[in-house]
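# Structural overview for review
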Amino acid sequence: DMLENAIEHTNLVAGSNYLPRRMLLIFAEEYEQDTRNALAALFNIDRPVADRLNEAQAAFDAIIEKRNKRRNERAHSYMGLRSLSVLAAFRHPEEVNPIKPLQWKEFCSFLDNNFVIPNHTSVGDQYKIYEPYIEALRTFLKKDSQIQEIHEALIVGLNFEDVEYRWMTQDVV
């Protein structure tokens, strides 16, 4: 119940064809300790972000395999770069970039005609590939006075200030 209340039903974690919130709640109900362990790995700030993403991805893959085997199904966990980076960024907004991979792929391809993320690239390695582009844009946005004004307007009344412009950078993309 706490997890359900903590994760709002927004387009970052739920949609008609995108169900990580729903799956996370199912995992927490059916495999409570495994889900706790996966989230603990994701939120462990003693490790590099990419390593945490890979470890959490592996843990959620193991959970869905267990669940599919038990139920004789072929369900998908929906716990990929998008959902994992969003969860990690909510927990540690000062250090993790939330990433909507399709949007970043389009942005990076616009800047670099040769941009590609090879098939089967781990979520952590994908994060590392996107990170230089994210950091370059984030640095630019933090210095632009018009963006600073927009940023300030967006956070009015919130308990969250997005000091590092990580969410703002995703919004711009």
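Now for a look at the structure at hand. From a predicted model like this one, the values you see are computed outputs, not experimental measurements. Within each chain, residue numbers correspond to sequence positions counted from 1 in written order. Reporting of local features is limited, given that this is a predicted model, to residues whose pLDDT is at least 70; pairs of side-chain atoms are given and counted only at 80 or more, and all residues count toward the totals for whole chains, interfaces and linings. Note that the side-chain values use all heavy atoms of the structure and ignore hydrogens as well as water.

### Side note on the overall build of the protein chain
- Counting secondary structure elements, the protein chain contains 9 helices and 0 strands.
- Numbering of helices and strands runs from the N terminus, with a helix taken as a DSSP run of H or I at least four residues long and a strand as a DSSP run of E at least two residues long. Helices (α) and strands (β) of the protein chain occur, in sequence order from the N terminus, as α-α-α-α-α-α-α-α-α.
- Computed with a 1.4 Å probe, the accessible areas rest on the Shrake-Rupley method; for each residue, only the protein chains presented here act as cover. Summing over all exposed atoms, the protein chain offers an accessible surface of approximately 10,400 Å²; the carbon and sulfur share of this is 50%.

### Some words on the packing of aromatic side chains
- In this analysis, rings of Phe, Tyr and Trp, with Trp reduced to its six-membered ring, are considered paired at centre separations within 6.5 Å, and the interplanar angle assigns stacked below 30 degrees, edge-to-face beyond 60, and tilted for intermediate values. Scanning the model with the defined rule gives 5 aromatic pairs in all.
- Relative to W167, the ring of F90 lies with its centre 4.8 Å away and its plane at 35°, an arrangement referred to as tilted. A residue pair is termed long-range when its members are at least 10 positions apart, and F90 in helix α5 (residues 81-91) and W167 in helix α9 (residues 166-172) qualify at 77 residues.
- Ring geometry for F115 against Y130: centres 5.8 Å apart, planes inclined by 35°, an arrangement best described as tilted. In this pair, F115 sits in the loop between α6 (101-111) and α7 (123-143) while Y130 sits in helix α7, placing the two residues 15 residues apart along the sequence.
- Take F115: its relative accessible area is 11%, and that puts it in the buried class.
- Each member of the aromatic cluster is reached from another via a ring pair, and the members are F115, Y130 and Y133. Each residue is placed in one exposure class: buried if its accessible area under a 1.4 Å probe, protein chains only, is under 20% of its type's maximum, exposed if it is over 50%, and partly exposed if it falls in between.

### Some words on the environment of A89
- Here A89 lies in helix α5.
- For A89 and F43, which are 46 residues apart along the polypeptide, the C-alpha to C-alpha distance reads 9.3 Å.
- Not counting residues up to four positions away in its chain, the partners in contact with A89 are V96, N97, P98 and W167. By definition in these notes, contact holds between two residues if any of their heavy atoms fall within 4.5 Å.

Don't take any of this as a statement about function, it's just geometry.
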